[in-house]
Amino acid sequence: MTPPRDLLFARLAEAGRRLERRGWALGTSGNFSAVTWRDPLRIAITASGLDKSALTAADIVEVDESARAVGGNGKPSAETHLHVAVVKTRGAGAVMHTHSVWSTLLSRAHAKEGGLAIEGFEMLKGLAGVATHEHREWIPIVPNAQDMPPLAARVEALLGEHPACHAFLLERHGLYTWGADIAEAVRHVEILEFLMECVAREERRA
Ligand SMILES: [Zn+2]
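These figures come from a predicted structure and were not determined experimentally. (Residues numbered from 1 in each chain as written. Predicted model: local features only at pLDDT ≥ 70, side-chain atom pairs only at ≥ 80, totals over all residues. Heavy atoms only, no water.)

Re the overall build of the protein
Going by this rule: Only runs of H or I of at least four residues qualify as helices and only runs of E of at least two qualify as strands under DSSP, and these elements are numbered from the N terminus. C-alpha atoms define the radius of gyration, and 2.2 Å times the number of residues to the power 0.38 defines the globule rule. The buried label goes to any residue with under 20% of its type's maximum accessible area, the exposed label to any with over 50%, and the partly exposed label to all in between, with areas taken from a 1.4 Å probe on protein chains only. Contacts are assigned to residue pairs that have any heavy atoms within 4.5 Å of one another.
Looking only at helices and strands, the protein has 5 helices and 9 strands in total. The linear arrangement of helices and strands in the protein, starting from the amino end, is α-β-β-β-β-α-β-α-β-β-α-β-β-α. Computed over C-alpha atoms, the radius of gyration of the protein comes to 16 Å, within 12% of the 17 Å expected from 2.2 N^0.38 for 206 residues, which places it in the range of a compact globule. Looking at the protein as a whole, 49% of its 206 residues are labelled buried. Intrachain contacts of the protein at a sequence separation of at least 6 include 60% that bridge at least 24 residues.

In structure tokens:
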């Protein structure tokens with residue numbers, strides 16, 4: 001069941017502050033969302049251009065399935081279209097988008113292969129449905145763009161091609177991951193950022 005709207009807004013702001021503290025949403029980057037209602041679809045998302053270290057429940061805007069503001073405060077980010085795409089294709093309850101150094105470097109280094117494979121790490125078991133370190137996680141990489149509706153359509157197609165993936169990267173931009181609720185989506189950010197830092201540091205040594 002979806003928590004009451006006020007509680008959900010507060011949890012979303014808390015999640016944003018937590019991820020900013022780790023350096024994954026600096027300089028007003030990143031955005032964080034959660035579904036408040038399924039039918040008709042309503043998504044709460046952090047408003048555009050905010051310092052994520054100081055987020056409160058008053059910084060959340062609510063949007064419809066076309067990424068148009070229908071409530072709350074502020075202007076939704078253009079990237080809201082990508083959150084809506086993930087919610088629609090994955091049935092996610094929450095979506096987190098971060099701009100970390102390691103995800104940015106890896107998204108560039110692996111762009112030619114169209115994605116990044118991570119396998120053999122115990123921390124993979126932090127991803128929903130993964131029970132062994134022998135799991136191979138494929139994180140697709142999408143070329144970055146500024147025109148969001150076509151990029152959202154590309155992301156929807158990509159998620160259809162990779163039904164088991166827990167995340168995707170925008171090239172030289174950042175990470176999108178999601179979960180059944182805010183707690184699971186935040187866990188996925190932490191797990192994936194840990195794994196990407198391991199992979200990137202290993203690659204730099206090799
Ligand atoms: Zn971004």
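Notes on the coordination of the zinc ion
To keep things clear, this is the line we draw: Each metal's donors are the N, O and S atoms found within 2.8 Å of it, except that Na, K and Ca use a 3.2 Å limit; water is left out, so coordination can look incomplete. For four-coordinate sites, all angles between 85 and 135 degrees define a tetrahedron; for four- and six-coordinate sites, opposite donors beyond 155 degrees with the remaining angles between 65 and 115 define square planar and octahedral shapes respectively, and all other cases count as irregular.
Protein coordination at the zinc ion comes from Glu79 (OE), His97 (NE2), His99 (NE2) and His173 (NE2), with a distance range of 2.0 to 2.3 Å. With 4 donor atoms in place around the zinc ion and angles of 93 to 149 degrees between them, the coordination shape is irregular. Summarised as a motif, the one-chain spacing of the donors to the zinc ion is E-x17-H-x1-H-x73-H. Residue classification places His99 among the partly exposed positions, given a relative accessible area of 26%.

Remarks on the side chain of Thr36
For clarity, the cut-off: Any pair of N or O atoms that falls within 3.5 Å is considered a polar contact. Within protein, one atom must be able to donate a hydrogen and the other to accept it, and sequence-neighbouring residues count only if both atoms are side-chain atoms.
As for its placement among the helices and strands, Thr36 is situated in strand 1 (residues 31–37). For Thr36, a relative accessible area of 6% corresponds to the buried category. Engagement of the side chain of Thr36 in a polar contact is seen with the side chain of Glu62, the distance being 2.5 Å.

Focus: the packing of aromatic side chains
To keep things clear, this is the line we draw: Two rings from Phe, Tyr or Trp (for Trp, the six-membered ring) form a pair when their centres are within 6.5 Å of each other. A pair whose planes differ by under 30 degrees is stacked, one over 60 is edge-to-face, and the rest are tilted.
Tallied over the full model, the rule gives 2 aromatic pairs. Ring plane angle 40 degrees and centroid distance 6.2 Å describe the contact between Phe168 and Trp178, whose orientation is recorded as tilted. With Phe168 in strand 8 (residues 167–170) and Trp178 in strand 9 (residues 174–179), the pair connects residues that are 10 residues apart, well separated along the chain. When sorted by exposure, Phe168 lands in the same class as Trp178, which is buried. The structure contains a cluster of three or more aromatic residues connected by ring pairs, namely Phe168, Tyr176 and Trp178.

Just geometry here; none of it tells us what the structure is for.
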